[in-house]
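Spelled out, the chains give:
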Amino acid sequence: MADTLTSFDENPHGLVDFPMAKEQTCPFDPPPALKRIQDEQPLTRVRLWDGSSPWLVTRFEDVRTLLSDARVSSNALGDGFPHFNAAGKARFQSNHTFVNMDAPEHPRMRKMVTRPFMVKRVEALRPQIQAMTNELIDEMLAGPKPADFIEALALPLPSLVISELLGVPYQDHKFFQDQSAVLAERDAAPEKVVAAIDALRDYLGQLIQAKRKSPQQDLLSELVTERVDNDELTDQDAVELSILLLAAGHETTANMIGLGTLALLQHPDQLALVRETDDPAVVSKTVEELLRWLTIPHLGRRRVAAEDIEIGGVVIRAGEGIICAADIANRDPAEFENPDALDITRDARKHVAFGFGVHQCLGQPLARVELQVVWSTLFKRVPTLALSGDFRDLPYKHDALIYGLYDMPVTW
Amino acid sequence: MRIEVDAPKCVTSGQCVMIAPDVFDQDDDGIVIVLDENPAEGQRGVVEESAAVCPAAAIFVIED
Ligand code: HEM
Ligand code: SF4
């Protein structure tokens, strides 16, 4: 075993540092070192920023097994939890929500906010999401070239949708987009993260009080009138949940729209299939394959073992950290044929880009509809859409919790 | 082929409703409901896929 490890960049303790760097030449692929680990030592220990040494899980089947094991805990407040960094630790401690809870609290709290994310409720929003998309594309086309695609479409669309759903006035978008961006920064100072959460907490707290006086048809009003007033939630719980949802609605879908569009522009043969089709099934497959191939939550699902767990010939001891690396698991050749090829005609639905187990993404039906609407519309409306400049020179979010692009100049 | 679900385990991911909308639906809280307990053989592919991708392992396909 020791022999195989020497091919990696070792630190003095003999463990590989995690996360590793992506290859400069391919901004879409997971770090090459992860592929080697998956081939040679799929369950291994790595070293994190704080000197801790959690387990790294790289095979698709092992990732699914552990993420659906009740002995695997999401509790980020105790010892052993492998935090992303000091900022991530500060974030979880300040904004404590069901993301970092286990049963029985997790399902109880998650259920408070499931309604608006149901498949049928989200489908009913599709015409509205389509209208928003059309309008944003119109505005982009009416403006100067090149345009920043992130600013023109990738960020405003999910931001508009989640604001509408929660009942947060979109006119305040500059404020909550900026605060959400701080939460996603990997190397932000912990105080900066706590300050951003405090600012969101003040803002959403006041908004929730206003909803109590004059409730509307939105999730924040529903939380107050149906949950807090029935003593199922405290005011504080409602505020923490709304911070989570507002931030989660921003950090993820926006990056997926940006990076996914770039991936299609770099694969013109596949883009042509999307542009030429009127079949929703083709678009839906495209969305699933891009979710798999890009796996933008690129730093792994973080957990801690609550009991000893035997898996793949190793024993993960109670109290040891676990990182399930979904990005490389979604490239596992045992699960996906020719996994490094982007192939929008494959059936990729089983990917773990939304996680797996009880914490699997709550917003996935919404994210899917947004992505389907964007990619079924964009290339038809703007058939000449092209990147302005070299894709290798773009500002990739290597330093963020969710991978994507800071900006992306496009022309047409 | 008979479908059983363990509704208390459901985490409202909506995956089954997306993959097999003729067989599964969600109640007002997003929890899975079975629309068709004895789906036609033609549904086998999507039903088995739903069971396989269900993040909560809450769907069972039973052969009587
Ligand atoms: C393409 C877009 C998205 C991606 C790739 C994504 C990815 C993920 C992943 C990987 C998890 C699992 C976290 C874990 O197991 O540790 C997750 C959880 C979650 N996501 Fe998303 N997400 C997306 C969009 C959204 C949207 C639009 C919302 C809506 C507000 C949302 C809300 C949530 C929430 C609340 C959780 C926590 C679920 C729990 O702990 O039970 N996500 N997401
Ligand atoms: S796939 Fe599983 S968790 Fe998701 S809605 Fe269906 S039964 Fe529930």
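Residues numbered from 1 in each chain as written. Chains lettered and ligands numbered in written order. Predicted model: local features only at pLDDT ≥ 70, side-chain atom pairs only at ≥ 80, totals over all residues. Heavy atoms only, no water.

In this section: the overall build of chain A. What chain A contains, in helices and strands, is 18 helices and 11 strands. Overall size of chain A, expressed as C-alpha extent along the three principal axes, is 60 × 55 × 35 Å. A burial count over chain A gives 56% of its 412 residues as buried. Put simply, of all contacts in chain A between residues at least 6 apart along the chain, 72% involve residues at least 24 apart. Approximately 16700 Å² of chain A is accessible, and the part contributed by carbon and sulfur atoms is 51%. Between the centroid of the 42 positive side chains of chain A and the centroid of its 61 negative side chains there is a distance of 3 Å. (Helix = DSSP H or I, 4+ residues; strand = E, 2+ residues; numbered from the N terminus. Buried < 20%, exposed > 50% of the residue type's maximum accessible area, 1.4 Å probe, protein only. Contact = heavy atoms within 4.5 Å. Areas by Shrake-Rupley, 256 points an atom, 1.4 Å probe, with all protein chains shown as cover. Lys, Arg positive; Asp, Glu negative; His and termini not counted. Charge placed at Lys NZ, Arg CZ, Asp CG, Glu CD.)

What follows concerns the sheet that holds strand β11 (residues 409–411) of chain A. Residue and element names in this part refer to chain A. With antiparallel pairing, the 3 strands of this open sheet are ordered in space as β5-β11-β10. Lying at the two open borders of the sheet, with one neighbouring strand each, are β5 (147–148) and β10 (386–387). In terms of strand pairing, β10 meets β11 through 2 bridges, oriented antiparallel. Each bridged residue has a counterpart across the sheet, and for Leu387 the counterpart in β11 is Val410. (Pairing = 2+ DSSP bridges.)

To continue, consider the nonpolar core. All names here are of chain A. By size, the foremost hydrophobic cluster in this structure holds 99 residues, and its most contacted members are Leu262 and Trp375. Top element by residues in this core is helix α18 (residues 364–381). It accounts for 9 residues. Residues within four places of Trp375 in sequence aside, it is in contact with Met256, Ile257, Gly260, Thr261, Leu264, Val274, Val287 and Leu290. In terms of nonpolar packing, the next biggest core, distinct from the first, is built from 20 residues, Val63, Val314, Ala329 and Val352 among them. (Core = buried A, V, L, I, M, F, W, Y, C linked by side-chain atoms within 4.5 Å.)

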